[in-house]
Amino acid sequence: MSKKLGFRKALETKVKKSQAAAKKKAISIFTAMSVAHVDDEEPGPGEVRHVEKLLPKGDFYRGQWCDNLPHGNGKFLWTDGCMYVGEWFKGKTMGKGKFSWPSGATYEGEFKSGFMDGKGTYTGSSGETYKGYWVMNFKHGQGTKSYANGDYYEGEWRRGFQEGHGRYQWKNGNHYIGQWRNALMNGNGTMIWSNGNRYDGFWEDGFPKGNGNFRWADGSFYVGVWSKDGKEQNGTFYPSGSPTGNLDWDPQKVFLEDLKDCKICPGEKVSILPSQKMPHWPGMGKGNDGKHRKISDGRLNYSWDSDMNDVSAASEGDLRDGDEGVGNLHLEASDTRGSCPQFKMPMKKQGQTISKGHKNYDLMLNLQLGIRHSVGRPAPAISLNLKSSAFDPKEKVWTKFPPEGSKHTPPHQSCDFKWKDYCPVVFRTLRKLFNVDAADYMISICGNDALRELSSPGKSGSFFYLTNDDRYMIKTMKKAEVKVLIRMLPAYYNHVRSFENTLVTKFYGLHCVKLTGAAQKKVRFVIMGNLFCTDYVIHRRFDLKGSSHGRTTAKPESEIDPTTTLKDLDLNYIFRFQKLWFDEFCRQVDRDCEFLEQERIMDYSLLIGFHFREVSTPRTSGVRTPTGNGDCENGAPRLSQADKDQLLMDPSWWSSIKLGINMPARAEKTVRRSDCEAQLVGEPTGVLYDVILFFGIIDILQDYDISKKLEHAYKSMHYDPTSISAVDPKQYSKRFRDFIFKVFVEDT
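Not measured: the values here are computed from a predicted model. (Residues numbered from 1 in each chain as written. Predicted model: local features only at pLDDT ≥ 70, side-chain atom pairs only at ≥ 80, totals over all residues. Heavy atoms only, no water.)

K.L.:
Is there a simple way to think about the overall build of the chain in this case?
P.N.:
Scanning the chain from N- to C-terminus turns up 12 helices and 35 strands. Within the span of the chain, comprising 748 residues, buried residues form 50% of the whole. Of the contacts formed within the chain by residues at least 6 apart in sequence, a portion of 54% connects residues at least 24 apart. Accessible surface computed for the chain: about 34,800 Å², of which carbon and sulfur atoms make up 51%. (Helix = DSSP H or I, 4+ residues; strand = E, 2+ residues; numbered from the N terminus. Buried < 20%, exposed > 50% of the residue type's maximum accessible area, 1.4 Å probe, protein only. Contact = heavy atoms within 4.5 Å. Areas by Shrake-Rupley, 256 points an atom, 1.4 Å probe, with all protein chains shown as cover.)

K.L.:
Is there a simple way to explain the sheet that holds strand β31 (residues 573–577) in this structure?
P.N.:
Sheet strands associate in pairs through backbone hydrogen bonding, adopting either a parallel or an antiparallel arrangement. Pairing is mixed in the open sheet, where 7 strands are placed in the order β30-β29-β32-β34-β33-β31-β35. Only two strands of the sheet have a single neighbouring strand rather than two, namely β30 (565–566) and β35 (744–746). Examined bridge by bridge, strand β32 (residues 605–612) and strand β34 (residues 683–698) share 8 bridges and lie antiparallel to one another. Paired with L607 across the two strands is G696, which belongs to β34. Contacts between helix α8 (residues 579–598) and the sheet are confined to β31, β33 (663–671), β34 and β35, with β35 contributing the most and set at about 140 degrees to the helix. Helix α12 (residues 729–743) contacts β29 (540–544), β31, β32, β34 and β35 of the sheet and is inclined by roughly 55 degrees relative to β35. (Pairing = 2+ DSSP bridges. Axes fitted to C-alpha atoms, helices over the stretch in contact; angles between N-to-C directions.)

K.L.:
I keep staring at the packing of helix α5 (residues 424–433) against helix α7 (residues 479–498) and nothing clicks. Help me out?
P.N.:
Helix-helix packing is described using two parameters, namely the angle between the two axes and the distance between the axes. Between α5 and α7, the least distance of the axes is 11 Å, while the angle of their chain directions is 25 degrees. On the basis of their axis angle, the class for α5 and α7 is roughly parallel. As for how α5 packs across α7, the hand of that crossing is left-handed. Counted together, V426, F427, T429, L430 and L433 of α5 and L485, L489, Y492, Y493, V496 and R497 of α7 form the full contact between these two elements. Among the residues forming the contact of α5 with α7, the class breakdown is 9 nonpolar, 1 polar and 1 charged. (Parallel < 35°, antiparallel > 145°, perpendicular 65-115°, else oblique. Left-handed = near helix turned anticlockwise from the far one by under 90°. Nonpolar A, V, L, I, M, F, W, Y, C, P; charged D, E, K, R; others polar.)

K.L.:
What's the story with helix α4 (residues 361–376) in this structure? I'm lost.
P.N.:
For the α-helix, the turn length of 3.6 residues means that residues three or four positions removed from each other point alike. The end-to-end C-alpha separation of α4 is 22 Å, in line with the 22 Å expected for 16 residues at 1.5 Å each. The element α4 is largely enclosed, with a buried count of 13 among its 16 residues. (Expected span 1.5 Å × (residues − 1).)

K.L.:
I tried to follow the sheet that holds strand β27 (residues 507–515) on my own but got confused; where do I start?
P.N.:
One open sheet accounts for 8 strands, arranged β21-β24-β25-β26-β28-β27-β23-β22; its pairing is antiparallel. The strands lining the two open edges of the sheet, one partner per strand, are β21 (352–353) and β22 (396–401). Across 2 bridges, strand β24 (residues 452–453) lies against strand β25 (residues 464–466) in antiparallel orientation. Residue R452 lies in a different strand from β25, and its bridge partner there is L466.

K.L.:
How do you make sense of the pairing of strand β15 (residues 198–204) when you look at a structure like this?
P.N.:
The side chains of a regular strand alternate, residue by residue, between the two faces of the sheet. Alignment of strand β14 (residues 184–192) against β15, held across 6 bridges, turns out to be antiparallel. Note that in β15 the partner of G187 across the bridge is W203. What sits between the antiparallel neighbours β14 and β15 is a turn of 5 residues, in which G196 has the positive phi angle 100 degrees. In the sheet, β15 pairs with strand β16 (residues 207–215) via 6 bridges, with the strands oriented antiparallel. Counted as the bridge partner of G201 is G212 from β16. Here β15 hands over to β16 after 2 residues, with D205 in that stretch at a positive phi of 55 degrees.

K.L.:
I tried to follow unusual backbone geometry on my own but got confused; where do I start?
P.N.:
Glycine aside, negative phi is the norm for most residues, and most peptide bonds take the trans geometry. Although it is not a glycine, C423 sits at a positive phi angle of roughly 40 degrees. By the element assignment, C423 lies in the loop between β23 (417–422) and α5. The phi dihedral of D470 is positive, around 65 degrees, even though this residue is not glycine. If you trace the backbone, D470 turns up in the loop between β25 and β26 (472–477).

K.L.:
Help me understand the pattern of salt bridges, please; the structure alone is not making it clear to me.
P.N.:
When charged atoms on two side chains of opposite charge get close, those side chains can pair. Considering all chains together, one arrives at 18 salt bridges under this definition. Of the charged contacts, one joins K209 and E204 as a salt bridge, the two residues approaching to 3.8 Å between their closest N and O atoms. What emerges from the salt-bridge pattern is a single network uniting D590, E594, E597 and R737. (Salt bridge = Lys/Arg side-chain N within 4 Å of Asp/Glu carboxyl O.)

K.L.:
What's the story with the pairing of strand β2 (residues 48–54) in this structure? I'm lost.
P.N.:
When β2 meets strand β3 (residues 60–66), the two strands line up antiparallel, connected through 7 bridges. What sits directly across from H50, in β3, is Q64.

K.L.:
Explain the nonpolar core to me, please; I cannot follow it from the model alone.
P.N.:
For soluble globular proteins, nonpolar side chains are generally found buried alongside one another. Grouped together as the largest cluster of nonpolar side chains are 100 residues, with contacts concentrated most on Y492, F577, F585, L693, F695, I700 and F744. If you tally residues by element for this core, the top one is α7, at 9 residues. Apart from residues no more than four positions distant in its own chain, I700 is found in contact with M488, Y492, V504, T505, F507, L596, I601 and Y604. By size, the runner-up hydrophobic cluster in this structure holds 45 residues, among which are W88, Y168, W170 and Y176. (Core = buried A, V, L, I, M, F, W, Y, C linked by side-chain atoms within 4.5 Å.)

Listed below in structure tokens is the structure:
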């Protein structure tokens, strides 16, 4: 509290000192008119007029005004010299405008809710420029950047970094064309040096990694597997036939010398963002009762006091990393407050811990012993370019695990069993592709903590187990499902390698435990990623197929809790994404469905889980956010839109966002018409909630075999053929996409 009071006093002192100078500066900028104070009598509701306003702290606004807020075209000058000229909407910069900083930097383009959002050009004080697309102050989409040091980049951006396909040109003439990730060369790409030499191949974190070839201007070339670790490097040098060919050339020279001058320029940092400068206008919100309150969004805690309301905005330089927005945290008031959904909150983790005495305790021990053996076994360096033999259905390894131990296995307290690894090289490579650390993987599955068995098996008869840290899910499989996975494994590998943001299930291992003795029982299982491994509480989850027959949860409302998986006819929301995320979502769903259709897969579904954010701005037709624990009384803490915007600027949160993981969105409540029982997507009500979304395509191992064809024929005679789940993969893919693109829409 003392730190916050000290900050406030320092801020007020600074503003008072600059007020006199700012008034003189403002008089020279604005045309001669009478200056009206913000508390002057206002016209009737909805009436727009042209005004000039002198705010209490010395800031000035000149332009169109409506309902005690800037609305239309207007100019705002802050006491620190920042200025905005352009369009406003209900007190927020919205539309086209220009923001300028005292340093001389400018942004000219589109704004949305105070953010640089849309198409725009930023010109820095050092002379560097970025021209392209923005989302919430981040460079995001297609854009070009000219750096102050003479470098140039043209291509795709994501959350402020080069990501996707792009071309970077250094001032010395070197240039790179290819894939990027987190502002580093990553993926397939070509580096061409000004002297004519070039490298074509794969990159990782800014350096050649994997298969690639280096070609000299004289025609000589080197082909091999590249790595910064000289021990992993191997290849062959092919001289051009000229006498100058160097047979003793060391590939490590590329890392030590050739790439030395190919550093990516970090660029200029924006000192303060336009959204952080947005003032708190009188009438937009009211203070609380003066008590100190805290709220939490599940990970971060923020606090505020009502006596801060007289601070209109922070000046440039007053905000530092870690204390953004402390000077303009305010509570919002609303005339209409929707009732919050009531949730039964789970008291403990989902599932039953498999402890000694559980019927599957020995099976769990066998599984853990087998995983530890498979993952810990010495193996050659992993290359992402796999040979076709690695996918051979006969590529499997059997290992005996006698209780007394053997040359390759430790002694154990379980029964005698055999362990089978299917396509071990492929799954080891998939784990590397999915950035799974071998040690972490073993600790999650084989550590001291027991697995948890979900309360009941799925409709297919499979059992599901969760690791204690919720990172991995283990599913028992039928022999037919194992055959489907092995059959489609080459196409699956190529698909997930080509599309990093794929929504299809991530598979990490395929195994079998065979018990010896009279039973001779075989248990096959696959290890997958858990979609809902998050610190956020998942308040609602839905399994969506796009069909209607039988697609409802047979549970009374009183028994539904956050662990209940609801179905298509239970869905009462649509989800709104920002344009760039929506476009990326649509592209990836199309790619994934095309892949599944080609593999003759059907009966898959989109599993969705979402968390209602506790930090909210309730509006008549805007966002309402339930607390998620039934605590919806009038005293529930709420933050202003500016404060919610600043929470969205938390860099650790943004870095964790991927398609389908930790995604911010707005959920709009829907209502189905009473005259249409099979209506899959209800009518929007205008009631919206801020949510964090998690989703992915699951159950991708059911092909359109004879049993599904018979099911289709039988059910088509009794029900509407378009309403049943068992249909041809092509028809299934089209229906699935049509439905999903009604549930997920662009936030306009």
